[in-house]
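# Remarks on the overall topology
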Amino acid sequence: MSQDSPTRPQRANWLRAGIWSLGFVALLWVLEATDYVSGHQLDTLGIVPRTDAGLLGIVFAPVLHFGWAHLYGNTVPALVLGFLVLASGVGRGIVATLIIWVVGGVGVWVMSPPGSITAGTSMLIFGWLVYLIMRGLFSHRVSQIVIGVLIFLAYGSLLLGVLPGQTGVSWQGHLFGAIGGALAAWLLHDPSQKQAPKKTHKKAA
């Protein structure tokens, strides 16, 4: 008589989440290296508000940075929060990220001051942070609530970045990224799983 381990699918999810999050951060570094070699030509692909060309920035801005220091500051939060968003399901995590990406980008395009250009993964970071904090409130799953509390204790102070006042920092990107994270948490929660009991699969040898 053998019994399937209920942790195997979870470990597989964690492995996939780790690969995806590491791959995403590696992409950020490759793009910044390309930008550096090209004389910062990629910086022009950020979001320029209320212009037709600036719409293209909604696609590219979250993976571009204005220099190495900008990228350094986003690397660890992107690894940690990106992994945690994906760890409970890569597909769901990618959809959540796309929601944050679009809501954050459109918000910046509409609300940022004229003549500005916005780029950086912090838009996603703020969205992931709010998503992780709020998804447990919608799902009522203890594990997700605990993760949300721990994430809030570790990174909650970042949420002050949604307020205006920091020179050279796009509070609009932070704010609309956070709004996208809240929207993703609401749209992607599954009410049927709130009290779903775990099933144990057994096999006879």
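Above this note sits the structure.
Now for a description of the structure that goes with this document. (Residues numbered from 1 in each chain as written. Predicted model: local features only at pLDDT ≥ 70, side-chain atom pairs only at ≥ 80, totals over all residues. Heavy atoms only, no water.)

### A look at the overall build of the chain
Our working rule: Working definition: helices are DSSP H or I runs of at least four residues, strands are E runs of at least two. Numbering for both runs from the N terminus. Throughout, exposure labels follow a simple rule: accessible area from a 1.4 Å probe, protein chains only, divided by the maximum for the residue type, with under 20% read as buried, over 50% as exposed, and the rest as partly exposed. In what follows, residue pairs with any heavy atoms lying within 4.5 Å of each other are defined as contacts. Computed with a 1.4 Å probe, the accessible areas rest on the Shrake-Rupley method; for each residue, only the protein chains presented here act as cover.
Summing up its helical and strand segments, the chain has seven helices and two strands in all. Across the chain, helices and strands are ordered from the amino to the carboxyl terminus as β-α-α-α-α-α-α-α-β. When burial is assessed residue by residue, the chain has 40% of its 205 residues classed as buried. The long-range fraction of contacts in the chain, counting pairs at least 24 apart against all pairs at least 6 apart in sequence, stands at 79%. Of the accessible surface of the chain, which amounts to about 11,300 Å², a share of 70% is contributed by carbon and sulfur atoms.

### Remarks on the environment of L129
Here L129 lies in helix α5 (residues 122–139). A sequence separation of 48 residues divides L129 from L81, and the C-alpha atoms of the two residues are 6.7 Å apart.

### Observations concerning the side chain of D43
We apply this condition: Charged-residue counts in this description rest on Lys and Arg as positive and Asp and Glu as negative, His and the chain ends being excluded. Salt bridge, as used here: a side-chain nitrogen of Lys or Arg that lies within 4 Å of a carboxyl oxygen of Asp or Glu.
Inspection of the secondary structure assignment puts D43 in the loop between α1 (7–37) and α2 (56–60). No salt bridge forms around the buried D43; measuring N to O, its nearest opposite-charge neighbour R50 is 20 Å away. Excluding its chain neighbours within four sequence positions, the residues that come into contact with D43 are D35, H65, F66 and I117.

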